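Secondary and tertiary structure notes
Residue strings, one per chain:
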Amino acid sequence: MTAAVRRTAAMLGLPAVLVAVWWFASSGSTDVYRPPLSRILVAFRETWFGRRLLDDVAPSLARLAVGYAVALAVGVGLGLVLGSSRPLRALTEPVLEFLRAIPPPVLVPIVMLVAGIGDLMKVLVIVSGCLWPVLLNTVEGVRAVDETLADTCRVYRVGGALRLRHLVLRAASPQIVTGARQALSIGIILMVISEMFAASSGLGFTVVQFQRGFAIPEMWSGVLLLGLLGVVLSLGFRVVEARVLGWYHGLRAAQRGSR
Amino acid sequence: MRRQLAALVSFSLTLTGAAACGSSGTPSKPSPGQPDKVAGAVIAIVDVAPVYLGKQKGFFSQRNIDLSLSTSQGGAAIVPAVLNGQVQIGFSNVTSLLLAASKGLPVKMVCNGVASTGVPDKDYSGVVVKAGSPVRTAADLAGKTVAVNTLKNIGDTTVRASVRKAGGDPKAVKFVELAFPDMPAALQAGRVDAIWVVEPFLTAAKAGGGRVVAANYVDTAPNLTVATYFTSAQLAKSNPDLVKRFTEAMTESLRYADAHPDEVRQVLGTYTQIAADVAAKLTLPKWPTDINRQSVQTLADLAVGDGLMDRAPDLSALLP
Amino acid sequence: MSAPAIGRWPGLVGLLAFGGLLELLPRAGLVPAGYLPPSSRIARALADQARRAEFWTALGDTVRTWLTGLAIAVAAGLVCGIVIGSVPALRTATASTVEFLRPIPSVALIPLAVLLYGTGIRATLVLVVYAAFWQVLVQVLHGVGDVDPVARDTALSYRLGRWARVRYLVWPTALPYALTGVRLATSVALVLAVTGELVIGTPGLGREIAVAQGSGAVPAMYALVVVTGLLGVAANLVTRAAERRVLAWHPSVRSEVPA
């Protein structure tokens, strides 16, 4: 009982202290740019719980989900192909390294040229940024499949789709999940940035409009919401990861425990 | 290990040295006998030609002001830059300043910036539709999509005023935000039904076959003051002499620019990318020396009516 | 498996093939040349840019923002990481705060940064430092926590003082992690620096790209994007080379990675 209490205290202690400090430090604030935390929270409730949730937040999240899913599918598929073939890898590596190094937001003007200003542009921007971590990590993961396991599969004549699923994907999955996690944080960033240009709805768009209209408490509330979104998505990812990689975590724990 | 440490230390020293060479942006205190350094933030558009022309002609240095101008992509960043002292003078449209003042930001207009010509078919701003569009007057814009460069700002407010004046329903107009350079292409591709543009994009849109259906600045108020130069209330209180000298220099620049359009067209090339042949053809705005206070009140009322702000700010505190 | 028939420089062939594809597609009319100019025109635009003084100023500005932010983030990350990592109580107290603050997308801070710092270098530095700091901190925390328990017990039984323990025990263990953190932070810092310039308007390559796009100068825009990509590639190569030099003693570098 006390162990659990101590653990929760450790988890909530510092954040609670920081929030309290923020509250009291800003409570008497007359600085227009740093309103009291109480006003920010009031603005949070007024701004985001209402039509805005449906009109702005939901479309943004939907675009993120679609873009992320497409990036995962294309990245894993392409990564499987590239990772299994050394000549292909050697051929494409410099090109991929170069394309990967281009900061994704820089591609927004280019994508705007091609895809206009609607939903397609935003989804494409998200895909173009999320693709690279997934692709490159998949290639790494497929490359590093254990030789012994691969030989065993060959001896037992395990081939084709079965081999793909049980050997390659399974062995590469820790690496793929790492890539997926990086892709998620990039995806959130791109979701916001794609809406800062030529948008008429969306989470990033709303926050920027608040900034332009000098609606400071509402803007702070938007920043808070974006932060919360990042945290919630990251937690959700952790839950999914624990399910998908349960076998891997157990294996690592056993190895470390035996030390 | 020691080599690594030495490398790390020298690396960080180099970096801090490089960073220290960076520009700071805040001007140093004026020493007696030296001209006052004033940093101004403007947008690289036709409207601010007088300040560049005035600087060229020496109107500012005559009054002991060493003026340095920087350009910003949009007005939204100029207000914070003025308020936190990064620059002393900013250029912004009246609606933005009204919004800022209504939210309690201590801005103070000092001098007029630019005004509409007041002539319906010879203004430097207009709403353009594609050739062959069913839209004939501003009233037809109801239910259509109009592109403006900033939402909830002077663009949509004045377009709604045009629609209202022509008898249409202003609330039925859909607005979308696009940067001016992207508008002609979007209009041609049919992504928007109409675009609100200012020079030089107005000339470009007309040359591309577009038709002007509304002169929104003219419809809003006679001789509308579109934008002004402003400073922070803090600077106005702490250094009123500097503000007065700047205002005098700026007024002289405005008068000169209004009287010498050819020199204005020439100076355009020094701070914008506008080609010389385009600069020769475009319609210049007017640069009166006084702010049209009535039009500022009109813009404030429109902003309140359109829901941009709850109530108008105290205009006497805002206007010079 | 036949030897790659592509010769000794498959990567170069790949690059050339990519360039050739970019040349042919627009010329053949498969992609509108207004959206994607042929690579020869991009190369020419690049040469034109190199002649402009503003290009080199912008490049210098980007590099300065990038490296300044990186230096601050690395210094702060190292110090905080070592301090927090060495004191278990601090570690448990700050764990939840770190996990909460880390996933906050740095773009959420853009409106705040613009309001507080305008469009100068400091606004972009906020983004760069914020994003890069977490990369370094998390890696250093892992490193400090990865100290081999046997080695630590040995050090304790030989009565090595705190400073000696840090120098001989913690630092070599944490160094590979710290360098990974620096490598990740370097690319993140570049991405955020260019993003800040693109969105906020701080002087630099990102702003030049926005201006080029705004003026309709499409080849120039692509040329500038190429330059940012090259910067990223160069940064990657330099950090990997530095890693190999500094970690020449570490088994992960000394052992051969199976192809």
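Predicted, not measured: the structure shown is a model, and the values here were computed from it. (Residues numbered from 1 in each chain as written. Chains lettered and ligands numbered in written order. Predicted model: local features only at pLDDT ≥ 70, side-chain atom pairs only at ≥ 80, totals over all residues.)

Quick word on the overall build of chain B
- A tally of regular secondary structure across chain B gives 15 helices and 10 strands.
- By the burial criterion, 51% of the 320 residues in chain B qualify as buried.
- Contacts in chain B between residues far apart in sequence, at least 24 positions, make up 78% of those at least 6 positions apart. (Helix = DSSP H or I, 4+ residues; strand = E, 2+ residues; numbered from the N terminus. Buried ≥ 20, exposed ≤ 12 C-beta atoms within 10 Å, placed from the backbone. Contact = placed C-beta atoms within 7 Å.)

Notes on the overall build of chain A
- Counting its secondary structure elements, chain A contains 11 helices and zero strands.
- For chain A, the C-alpha radius of gyration of 23 Å lies well beyond 18 Å, the compact-globule estimate for 259 residues.
- Each principal axis of the C-alpha atoms in chain A carries an extent, and together these give about 75 × 60 × 30 Å.
- With 259 residues in all, chain A has 40% of them scored as buried. (Rg over C-alpha atoms; globule rule 2.2 N^0.38 Å.)

Considering the interface of chain A and chain C
- Each partner contributes to the interface: chain A provides 44 residues, whereas chain C provides 46 residues.
- Of all elements in the fold, only helix H1 (2-26), helix H4 (86-101), helix H5 (107-115), helix H8 (160-194), helix H9 (203-212) and helix H10 (216-244) of chain A reach the threshold of two or more residues within the side of chain A that touches chain C.
- Ranked by residues supplied to the side of chain A that touches chain C, first place goes to H4 of chain A with 11 residues.
- Across the side of chain A that touches chain C, the residue classes break down as 33 nonpolar, seven polar and four charged. (Nonpolar A, V, L, I, M, F, W, Y, C, P; charged D, E, K, R; others polar.)

Considerations on the sheet that holds strand E8 (residues 194-198) of chain B
All names here are of chain B.
- As summarised here, the arrangement of the five strands in space is E7-E6-E8-E5-E9, forming an open sheet in which the pairing is mixed. Both edges of this open sheet fall to strand E7 (174-177) and strand E9 (211-214), since each of them pairs with a single strand only. Strand-to-strand twist of the sheet, defined as the mean angle between neighbouring strand axes without regard to direction, takes the value 35°.
- One ladder, built from two bridges, connects strand E6 (residues 145-148) with E8; its direction is parallel. Residue pairing in the sheet places Val146 in a bridge with Ala194 of E8.
- Across the sheet, helix H6 (residues 154-165) is in contact with strand E5 (125-129), E6, E7, E8 and E9; its angle to E6 comes to roughly 140°. (Pairing = 2+ DSSP bridges. Axes fitted to C-alpha atoms, helices over the stretch in contact; angles between N-to-C directions.)

A word on the nonpolar core
- Counting 233 residues, the largest nonpolar core has Val146 and Ile195 of chain B together with Ala132 and Ala189 of chain C as the members making the most contacts within it.
- When residues are assigned to domains, this core turns out to be shared by domain 1 (36-116 + 223-318) and domain 2 (120-220) of chain B, each giving three or more. (Core = buried A, V, L, I, M, F, W, Y, C linked by C-beta atoms within 7 Å. Domains from an automatic or database assignment.)

Quick notes on the sheet that holds strand E2 (residues 65-72) of chain B
All names here are of chain B.
- With mixed pairing, five strands are arranged side by side in an open sheet as E2-E1-E3-E10-E4. Each of the sheet's edge strands pairs with one partner strand only, and the pair in question is E2 and strand E4 (107-115). For this sheet, the mean angle separating the axes of adjacent strands, direction not counted, is 25°.
- As judged from the seven bridges shared by E4 and strand E10 (residues 225-232), these two strands associate in the antiparallel manner. Bridge assignment links Cys111 to a residue of E10, and that residue is Tyr229.

Some remarks on the packing of helix H2 (residues 37-48) of chain A against H10 of chain A
Residue and element names in this part refer to chain A.
- Relative to each other, H2 and H10 sit at 75°, their axes nearing to 8 Å. By the angle class used here, H2 and H10 are roughly perpendicular. For the pair H2 and H10, contact is made by Arg39, Ile40, Ala43, Phe44, Thr47 and Trp48 and by Pro217, Glu218, Trp220, Ser221, Leu224 and Leu225, respectively.
- Classifying every residue of the contact of H2 with H10 gives eight nonpolar, two polar and two charged. (Parallel < 35°, antiparallel > 145°, perpendicular 65-115°, else oblique.)

Quick word on the domain arrangement of chain B
All names here are of chain B.
- You can read the domains of chain B as domain 1 (36-116 + 223-318) and domain 2 (120-220).
- For domain 1 and domain 2, the distance between their C-alpha centres works out to 24 Å.
- At the level of secondary structure, the elements contributing two or more residues to the side of domain 1 that touches domain 2 comprise helix H5 (94-102), helix H13 (276-281) and helix H14 (293-305).
- Looking at side-chain class alone, the side of domain 1 that touches domain 2 contains 13 nonpolar, seven polar and two charged residues.

A word on helix H2 (residues 39-51) of chain C
All names here are of chain C.
- With 13 residues, H2 ought to run about 18 Å at 1.5 Å a step, and its terminal C-alpha atoms sit 19 Å apart, in line with that.
- Among all positions in H2, only Ser39, Ile42, Ala45 and Gln49 are buried. Seen from one end, H2 has its buried residues packed into an arc of 110°, which puts them on one side. For H2, exposure combined with an orientation more than 90 degrees from the buried face picks out Ala47 and Arg51.
- For H2, the elements touching its buried residues are helix H1 (10-27), helix H3 (53-86) and helix H10 (218-246). (Expected span 1.5 Å × (residues − 1). Arc of directions from axis to C-beta.)

Details of the environment of Lys281 of chain B
All names here are of chain B.
- On the secondary structure map, Lys281 appears in helix H13.
- By C-beta crowding, Lys281 is classed as partly exposed, having 13 other C-beta atoms within 10 Å.
- In the structure, Lys281 is positioned 16 residues away from Arg265 in sequence and 9.1 Å away in space, judged by C-alpha atoms.

Quick word on the pairing of E6 of chain B
- Bridging between E6 of chain B and E7 of chain B involves four bridges; their strand directions are parallel. Pairing of Thr145 of chain B across the sheet is with Lys174 of chain B, part of E7 of chain B.

Quick notes on the environment of Phe133 of chain C
- Here Phe133 of chain C shows up in helix H6 (residues 121-145).
- As for Phe133 of chain C and Ala75 of chain C, which are separated by 58 residues in sequence, their C-alpha atoms are 8.7 Å apart.

So, unusual backbone geometry
- Positive phi, close to 65°, is recorded for Asn64 of chain B, a residue that is not glycine.
- Backbone geometry at Arg159 of chain C places phi at a positive 55°, although glycine is not the residue there.
- Here Arg159 of chain C shows up in the loop between helix H7 (149-157) and helix H8 (162-199).
- For Arg159 of chain C, a count of 7 C-beta atoms within 10 Å puts it in the exposed group.

Things to note about the packing of helix H3 (residues 51-84) of chain A against H8 of chain A
All names here are of chain A.
- With their axes 10 Å apart at the nearest point, H3 and H8 run at an angle of 145° to one another. Crossing angle aside, the handedness with which H3 passes H8 is right-handed. Counted together, Ser60, Arg63, Leu64, Gly67, Tyr68, Ala71, Leu72, Val76 and Leu80 of H3 and Val168, Ile176, Ala180, Ala183, Leu184, Gly187, Ile188 and Met191 of H8 form the full contact between these two elements.
- Classifying every residue of the contact of H3 with H8 by side-chain character gives 13 nonpolar, three polar and one charged. (Left-handed = near helix turned anticlockwise from the far one by under 90°.)

As for the environment of Ile89 of chain B
Residue and element names in this part refer to chain B.
- Note on placement: Ile89 falls in strand E3 (residues 89-93).
- The class for Ile89 is buried, based on 27 C-beta atoms found within 10 Å.
- For the pair Ile89 and Val135, spaced 46 residues apart in the sequence, the C-alpha separation amounts to 41 Å.
- Excluding residues within four positions of it along the chain, Ile89 makes contact with Val38, Gly40, Tyr229, Thr231 and Phe246.

A short note on H7 of chain C
- Sparse coverage of H7 of chain C is indicated by the burial of zero of its nine residues.
- At the exit of H7 of chain C stands Arg159 of chain C, carrying a positive phi of roughly 55°.

Focus: the confidence of the model for chain B
Residue and element names in this part refer to chain B.
- Of all residues in chain B, 89% attain a pLDDT of 70 or more, and the chain-wide mean is 84.
- In the model, residues 14-30 has pLDDT below 50 throughout and makes 17 contacts with residues more than four positions away in sequence or in other chains.
- Our summary of model confidence lists the complex with pTM equal to 0.79 and ipTM equal to 0.77. (pLDDT = per-residue confidence, 0-100.)

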